[in-house]
Amino acid sequence: MEQKKNAKFRLKLNLFDGIVLVLALVAGGLLVWNRLKPAPAPGTDAPNASSTVRYTLRFQRWQEGTSGLIQPGDNLVDNVKNFQLGTVVSAEAVPAVVQVLDNQNGRYVDAVVDGFEDVLVTVETSGKEGDMSVELDSGYGLRVGNMAYVRGEGYMGSGPVVAIEREEQA
């Protein structure tokens, strides 16, 4: 007679299999917990309340006289991703300045560039305080020192953000 062996299922796990199984269970538990936790009550996110943001861009090295193209009321748009950046409040032409090395004294000094001007453009829009930047309502992140590539009605310019002012709305 033929002898039948009772083949019982036996789970053999080594250490690596056990770690992977525990990590998968923990990840599944976190997903279920995030899905089932209650949503925050509306109105509790006061730090993210929208406020008026006024910031200044410095368009660099424009030919003299071309700053007249920028008029208060112009709408500015990001030239890279088409974010709305706000409305121009004012534009002021200042002499274009670059830093050059003074070889005699061994330090950098400011020198005016003839035939060019920098344009300080003040823009107003609404936004909120982010983690590392001011987030405009369009989604654009503003930080002082970051370059902005901007287009307006009949002109394009680029330059750093030189100042940001926030006004809380009541």
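Above this note sits the structure.
Residues numbered from 1 in each chain as written. Predicted model: local features only at pLDDT ≥ 70, side-chain atom pairs only at ≥ 80, totals over all residues. Heavy atoms only, no water.

### Digging into the pairing of strand β4 (residues 107–129)
Across a regular strand the side chains alternate sides, sitting on one face of the sheet and then on the other.
Then comes step 1: In this structure, strand β1 (residues 51–63) lies alongside β4, joined through 11 bridges in antiparallel fashion. The residue of β4 that forms the bridge with T52 is S126.
Then comes step 2: The hairpin turn running from strand β3 (residues 84–102) into β4, its antiparallel successor, is four residues long, and G106 in that turn takes a positive phi close to 70 degrees.
Then comes step 3: Looking at chain direction, β4 and strand β5 (residues 134–136) are connected through three bridges and run antiparallel. Residue pairing in the sheet places K128 in a bridge with E135 of β5.
Then comes step 4: Connecting the antiparallel pair β4 and β5 is a turn made up of four residues. (Pairing = 2+ DSSP bridges. Helix = DSSP H or I, 4+ residues; strand = E, 2+ residues; numbered from the N terminus.)

### Some remarks on the nonpolar core
Then comes step 1: Membership of the largest hydrophobic core comes to 21 residues, with the highest contact counts inside it found for Y55, L57, F59, I70, L76, V121 and L142.
Then comes step 2: Those elements giving two or more residues to this core turn out to be β1, β3, β4, β5, β7 (147–151) and β8 (156–167).
Then comes step 3: If you tally residues by element for this core, the top one is β1, at five residues.
Then comes step 4: In this structure L57 touches L76, V119, L120, V121, V123, A148, V150, P160 and V161, once residues within four positions along its chain are discounted. (Core = buried A, V, L, I, M, F, W, Y, C linked by side-chain atoms within 4.5 Å. Buried < 20%, exposed > 50% of the residue type's maximum accessible area, 1.4 Å probe, protein only. Contact = heavy atoms within 4.5 Å.)

### Quick look at the side chain of T56
Then comes step 1: Mapped onto the elements of the fold, T56 is located in strand β1.
Then comes step 2: Residue classification places T56 among the buried residues on the basis of a relative accessible area of 15%.
Then comes step 3: If near-sequence neighbours (up to four positions away) are discounted, T56 is found in contact with L120, V121, T122, P160, V161, V162 and A163.

### Focus: the pattern of salt bridges
Then comes step 1: Under the defined criterion, the tally for this structure stands at three salt bridges.
Then comes step 2: The partner of E124 in a salt bridge is R54, with the nearest N and O atoms 2.6 Å apart. One end of the pair, E124, is in strand β4; the other, R54, is in strand β1, with 70 residues separating them in the sequence.
Then comes step 3: Since its relative accessible area comes to 29%, E124 is described here as partly exposed.
Then comes step 4: For R58, the salt bridge goes to D118, with nearest N and O atoms at 3.0 Å. One end of the pair, R58, is in strand β1; the other, D118, is in strand β4, with 60 residues separating them in the sequence.
Then comes step 5: Taking relative accessible area as the criterion, R58 reaches 23% and is therefore assigned partly exposed. (Salt bridge = Lys/Arg side-chain N within 4 Å of Asp/Glu carboxyl O.)

### Regarding a nonpolar patch on the surface
Then comes step 1: There is a patch of nonpolar side chains on the surface, built from F9, L11, L13, L21 and L25 and spanning about 600 Å² of accessible area.
Then comes step 2: Structurally, L21 is set in helix α1 (residues 15–36).
Then comes step 3: Residue L21 is classed as partly exposed on the basis of its relative accessible area of 44%. (Patch = residues over 30% accessible without salt bridge, like charges linked within 9 Å, V, L, I, M, F, W, Y side chains within 5 Å. Areas by Shrake-Rupley, 256 points an atom, 1.4 Å probe, with all protein chains shown as cover.)

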